[in-house]
Amino acid sequence: AHVSLFGAVNVHDGETVLYQAGAANATTFLDFLRVLKERYPDRLIVLVLDNALIHHAKMAREFLREEGRSFHFIYLPPYSPQLNPIERLWKWLKDTVIANVFHKDQNDIAQATARFVDYIHERPKEVLQRLGCAV
């Protein structure tokens, strides 16, 4: 078993929305989009996405058709993770939670991840600096 994490960062204020799921698939991706919509109900949410299959899945395309007023997707060119600021957040997470750290089990990893999530929620300015989006 492993944990999949979906995430978005509001580049205006450094607020993060993270969603843990048992797997990364089209269904859990749509669950994440619904979480985002709940957080920002009256806004157009512009998401920068890589070309993972789940981001292009039929379910995702149908969701976009229905929710077109709420979401706009921008797809990055293939093999260009450096263009997406969220990749720096994932690296920060890996360096903090995974690299050179021994975790005895899945639960331990989940707890370490939760601590990281709490940390970044309290420090939106540091998030923006790490992502290179700070004004």
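Below is a summary of the structure that appears in this document. Since the model is a prediction, treat every value here as computed from it, not as a measurement.

Parameters at a glance
- Within each chain, residues carry numbers counting from 1 in the order of the written sequence.
- Local features in this predicted model are restricted to residues of pLDDT 70 or higher, and side-chain atom pairs are both shown and tallied only at a pLDDT of 80 or more, whereas totals for entire chains, interfaces and linings draw on every residue.
- By convention in this description, side-chain values take in all heavy atoms of the structure and omit both hydrogens and water.
- A run of H or I in DSSP becomes a helix once it reaches four residues, and a run of E becomes a strand once it reaches two; helices and strands are each numbered from the N terminus.
- Throughout, the radius of gyration refers to the C-alpha atoms, and the reference size of a globule is 2.2 Å times the residue count to the power 0.38.
- For the exposure calls, accessible area comes from a 1.4 Å probe over protein chains only, and a residue counts as buried if that area is under 20% of its type's maximum, exposed if over 50%, partly exposed in between.
- In what follows, a contact means two residues having at least one pair of non-hydrogen atoms within 4.5 Å.
- Just so you know, the count uses Lys and Arg for positive and Asp and Glu for negative, and it drops His and the chain ends.
- The location of each charge is read from NZ of Lys, CZ of Arg, CG of Asp or CD of Glu.
- Patches here: salt-bridge-free residues with over 30% relative accessible area, like charges joined within 9 Å, nonpolar side chains (Val, Leu, Ile, Met, Phe, Trp, Tyr) joined within 5 Å.
- Surface accessibility in these figures is a Shrake-Rupley result with a 1.4 Å probe; residues are shielded only by whichever protein chains are displayed.
- We define a salt bridge as a side-chain nitrogen of Lys or Arg found within 4 Å of a carboxyl oxygen belonging to Asp or Glu.
- What we call a nonpolar core is a set of buried Ala, Val, Leu, Ile, Met, Phe, Trp, Tyr and Cys residues that are connected through their side-chain atoms within 4.5 Å.

**Structural notes on the overall build of the chain**
Then comes step 1: A count of helical and extended segments in the chain gives six helices and four strands.
Then comes step 2: Traced from its N-terminal end to its C-terminal end, the chain shows the element sequence β-β-α-β-α-α-β-α-α-α.
Then comes step 3: Relative to the compact-globule value of 14 Å for 135 residues, the chain shows a C-alpha radius of gyration of 15 Å, a close match.
Then comes step 4: For the chain, the spread of C-alpha atoms along the three principal axes comes to 45 × 40 × 30 Å.
Then comes step 5: Evaluated residue by residue, the chain yields a buried proportion of 37% over its 135 residues.
Then comes step 6: For the chain, contacts bridging at least 24 residues in sequence account for 60% of all contacts bridging at least 6.
Then comes step 7: Of the charged side chains in the chain, 16 are positive and 16 negative, and the gap between their average positions amounts to 3 Å.

**A word on a nonpolar patch on the surface**
Then comes step 1: On the surface, Leu 44, Val 46, Val 48 and Ile 74 cluster together into a nonpolar patch covering about 320 Å² of accessible area.
Then comes step 2: Mapped onto the elements, Val 46 comes out in strand E3 (residues 45-49).
Then comes step 3: The class for Val 46 is partly exposed, based on a relative accessible area of 45%.

**Some details on the pattern of salt bridges**
Then comes step 1: Within this structure, the stated rule accounts for seven salt bridges.
Then comes step 2: In this structure, the salt-bridge partner of Lys 58 is Glu 62, at a minimum N-O distance of 3.0 Å. Of this pair, Lys 58 and Glu 62 both sit in helix H3 (residues 58-66), four residues apart, which is roughly one turn of the helix.
Then comes step 3: For Lys 58, a relative accessible area of 57% gives the class exposed.

**Notes on the nonpolar core**
Then comes step 1: Core analysis: the biggest nonpolar cluster contains 18 residues, and Phe 29, Leu 33, Leu 36, Leu 47, Phe 71 and Phe 73 have the highest contact counts within it.
Then comes step 2: Sort the elements by how many residues they give to this core and helix H1 (residues 26-39) lands first, with five residues.
Then comes step 3: Apart from the residues lying within four places of it in its own chain, the contact partners of Leu 47 are Ala 8, Leu 33, Leu 36, Phe 71, His 72, Phe 73 and Ile 74.
Then comes step 4: Judged by nonpolar contacts, the second largest core, of 14 residues, contains Val 9, Trp 92, Ala 112 and Val 117.

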